[in-house]
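Understanding the architecture of this molecule
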Amino acid sequence: GQQLNQSPQSMFIQEGEDVSMNCTSSSIFNTWLWYKQDPGEGPVLLIALYKAGELTSNGRLTAQFGITRKDSFLNISASIPSDVGIYFCAGQRTDSNYQLIWGAGTKLIIKP
Amino acid sequence: NAGVTQTPKFQVLKTGQSMTLQCAQDMNHNSMYWYRQDPGMGLRLIYYSASEGTTDKGEVPNGYNVSRLNKREFSLRLESAAPSQTSVYFCASKGTGVLYEQYFGPGTRLTVT
């Protein structure tokens, strides 16, 4: 089945650094969602985007719905240890009811 | 407020055994979903239920059955478990309207030997 192309696959960062990750698709999406998963837990919704060009923040997190409707970006500013985890993007295509398409995840690891 | 709950949290099965994974939500959501998560593959949809009384296949339905028992509960059954079904299973729910935000349970870690 179709998956979103999410990159990078993993990132090693220093505490305090800014982080960027993105998802791209060959299809047009009308919704983009960003989730975070901690070890042993289910994904938790961080940010939802519903309009092309939309820029939404949630604390130190900022996500954007790409203008082409085929991509989305997530930025984390001034990373802290609790940012460690796996970040997933998910999109809902214009021709799909109820179902989301998921990226494979970006694993964020903080260097000691 | 419990949100989405799943039982059991862990399970080990032998090949050929059957079991049912339980999911319940207390958010009065209409739609419910079952996903499996394998390393490096993100989440893959097994089955979903858009509303009480309806179920539909997702991306990877083979080897599974579901029951939408009522608005709150959505169960996933493995009739004859296979090692390829070793995975982490997540249940999710979504409210009505145009929003597509799904809320997840804590997962069931299943190993089939």
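Up top is the structure these notes are about.
Report on the accompanying structure.

Thresholds, definitions, all that
Residues numbered from 1 in each chain as written. Chains lettered and ligands numbered in written order. Predicted model: local features only at pLDDT ≥ 70, side-chain atom pairs only at ≥ 80, totals over all residues. Heavy atoms only, no water. Pairing = 2+ DSSP bridges. Helix = DSSP H or I, 4+ residues; strand = E, 2+ residues; numbered from the N terminus. Axes fitted to C-alpha atoms, helices over the stretch in contact; angles between N-to-C directions. Salt bridge = Lys/Arg side-chain N within 4 Å of Asp/Glu carboxyl O. Buried < 20%, exposed > 50% of the residue type's maximum accessible area, 1.4 Å probe, protein only. Disulfide = S-S within 2.5 Å. Contact = heavy atoms within 4.5 Å. Buried area = accessible area lost by both parts, 1.4 Å probe. Polar contact = N/O pair within 3.5 Å; in protein donor to acceptor, adjacent residues only side chain to side chain. Core = buried A, V, L, I, M, F, W, Y, C linked by side-chain atoms within 4.5 Å.

1. Comments concerning the sheet that holds strand β3 (residues 19–25) of chain B
All names here are of chain B.
- Judged by pairing direction, the sheet is antiparallel, and its 4 strands sit side by side in the order β1-β3-β8-β7 without closing on themselves. At either end of the open sheet lies a strand with only one pairing partner, and these are β1 (4–7) and β7 (64–68). In this sheet, neighbouring strand axes are inclined to one another by 20° on average, regardless of whether the strands run parallel or antiparallel.
- By the bridge criterion, 3 bridges tie β3 to strand β8 (residues 74–78) in an arrangement that is antiparallel. In the strand pairing of β8, Leu21 is matched with Leu76.

2. Describing the pattern of salt bridges
- Per the counting criterion, the structure on display carries 5 salt bridges over all chains.
- We note a salt bridge from Lys36(A) to Asp38(A), for which the minimum N-O separation is 3.0 Å.
- Lys36(A) sits in the buried class, given a relative accessible area of 14%.
- Here Arg44(B) makes a salt bridge to Asp38(B), at a shortest N to O gap of 2.8 Å. Residue Arg44(B) shares its accessibility class with Asp38(B), and that shared class is buried.

3. Here's the deal with the state of the cysteines
- By the definition in use, this model includes 2 disulfides over all chains.
- One disulfide in the model links Cys23(A) with Cys89(A); its S-S distance is 1.7 Å. On the S-S bond that ties Cys23(A) to Cys89(A), the torsion sits near -85°, and the link is left-handed. Of this pair, Cys23(A) sits in strand β3 (residues 19–24) while Cys89(A) sits in strand β9 (residues 85–93); the two residues are 66 residues apart in sequence, bridging distant segments of the chain. Across the pair, Cys89(A) and Cys23(A) agree in class, each one buried.
- The residue that forms a disulfide with Cys23(B) is Cys91(B), at a sulfur-sulfur distance of 1.8 Å. Handedness of the Cys23(B)-Cys91(B) disulfide follows from its S-S torsion of about -70°: it is left-handed. Here Cys23(B) is found in strand β3, whereas its partner Cys91(B) is found in strand β9 (residues 87–94), with 68 residues between them in sequence.
- What makes Cys23(B) buried here is its relative accessible area of 3%.

4. Considerations on the interface of chain B and chain A
- Across the contact, 25 residues belong to chain B and 22 residues belong to chain A.
- When chain B packs against chain A, the two sides together hide about 1900 Å² of surface, and 56% of this comes from carbon and sulfur.
- It is Leu43(B), Tyr100(B) and Glu101(B) that lose the most area in chain B upon contact with chain A, and together they represent 29% of the buried surface on that side.
- If you look at where chain B meets chain A, you find 0 salt bridges.
- Where chain B meets chain A, there are 5 residue pairs in polar contact (both at pLDDT 80 or more).
- If you tally residues by element for the side of chain B that touches chain A, the top one is strand β4 (residues 31–37) of chain B, at 4 residues.

5. Details of the nonpolar core
- One finds Trp32(A), Trp34(A) and Leu74(A) to be the most contacted residues of the largest nonpolar core, which totals 22 residues.
- Those elements that provide at least two residues to this core are β2 (10–13), β3, β4 (29–37), β5 (44–49), β7 (61–65), β8 (71–76), β9 and β11 (106–110) of chain A.
- Setting aside residues no more than four positions away along its own chain, Leu74(A) makes contact with Val19(A), Ser20(A), Met21(A), Trp34(A), Ile47(A), Leu61(A), Thr62(A), Ala63(A) and Tyr87(A).
- Counting 19 residues, the second-largest nonpolar core is a separate cluster that includes Met19(B), Met32(B), Ile46(B) and Leu76(B).

Nothing here speaks to function; it is all geometry.
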